[in-house]
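# Residue-level structural notes
Listed below, chain by chain, are the residues.
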Amino acid sequence: SELPGWFLPRLHATGAFEGEEVNQVQGNEYLEDSGIGQHVEDPAAGETLATVSLLQPIQLTLQRAVAGRPMHSDERDSEDCLKVLLEPRSLLILKGESRHDFAHAIRQSKIVQLRDGSRLRRDSSYRRGWPAG
């Protein structure tokens, strides 16, 4: 499917990709309590990663990586992480140290902690990803 016409111009307008081409775009949909495990993107993905949140808030975690790979669960401190709330219509840029020296993940969880302290339950109506149409 094609990208919406507004997407690449808006992404370039941030200045995050100055001197770089956007070499891939991937749309992920996380239903209910689905997530994605700790990983560091392959260097082929480019020097800059942009995450655009479209439909529902979700929490992304960043944990230190070693030599471009996530630390094994036996070695990492589960409290030594940064939790980032990705709200609808938000943009997160990973570049430099945050791109190469940290693994990122979206936990499998039925609850998303919001900024105001309230919690959002990820039930069967919960959707994240490209809107249909």
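Residues numbered from 1 in each chain as written. Predicted model: local features only at pLDDT ≥ 70, side-chain atom pairs only at ≥ 80, totals over all residues. Heavy atoms only, no water.

Before going further, it helps to spend a moment on the packing of aromatic side chains. Scanning the model with the defined rule gives one aromatic pair in all. On the numbers, 5.8 Å between centres and 65 degrees between planes, the contact of Trp6 with Phe7 is edge-to-face. Among the residues examined, Phe7 registers a relative accessible area of 8% and is labelled buried. (Phe/Tyr/Trp six-rings, centres within 6.5 Å; stacked < 30°, edge-to-face > 60°. Buried < 20%, exposed > 50% of the residue type's maximum accessible area, 1.4 Å probe, protein only.)

Right, let's talk about the confidence of the model for the chain for a bit. Chain-level statistics for the chain give a pLDDT mean of 83 and a share of 92% at 70 or above. Looking across the chain, the model is least confident in strand S4 (residues 69-70), with a mean pLDDT of 82, and most confident in strand S7 (residues 102-106), with 91. (pLDDT = per-residue confidence, 0-100. Helix = DSSP H or I, 4+ residues; strand = E, 2+ residues; numbered from the N terminus.)

This part takes up the side chain of Gln63. For Gln63, the location among the structural elements is in strand S3 (residues 58-66). Of the polar contacts made by the side chain of Gln63, one reaches the side chain of Gln38; its length is 3.2 Å. (Polar contact = N/O pair within 3.5 Å; in protein donor to acceptor, adjacent residues only side chain to side chain.)

Here the focus is the side chain of Ser53. As for its position among the elements, Ser53 is in strand S2 (residues 48-53). Judged by relative accessible area, which is 0%, Ser53 ranks as buried. In terms of polar contacts, Ser53 uses its side chain to reach the backbone carbonyl oxygen of Glu87, at 3.2 Å.

So, on to a nonpolar patch on the surface. Residues Leu3, Leu8 and Val25 make up a contiguous nonpolar surface patch of about 200 Å² in total accessible area. Checked against the element boundaries, Val25 lands in the loop between helix H1 (7-13) and strand S1 (36-39). (Patch = residues over 30% accessible without salt bridge, like charges linked within 9 Å, V, L, I, M, F, W, Y side chains within 5 Å. Areas by Shrake-Rupley, 256 points an atom, 1.4 Å probe, with all protein chains shown as cover. Salt bridge = Lys/Arg side-chain N within 4 Å of Asp/Glu carboxyl O.)

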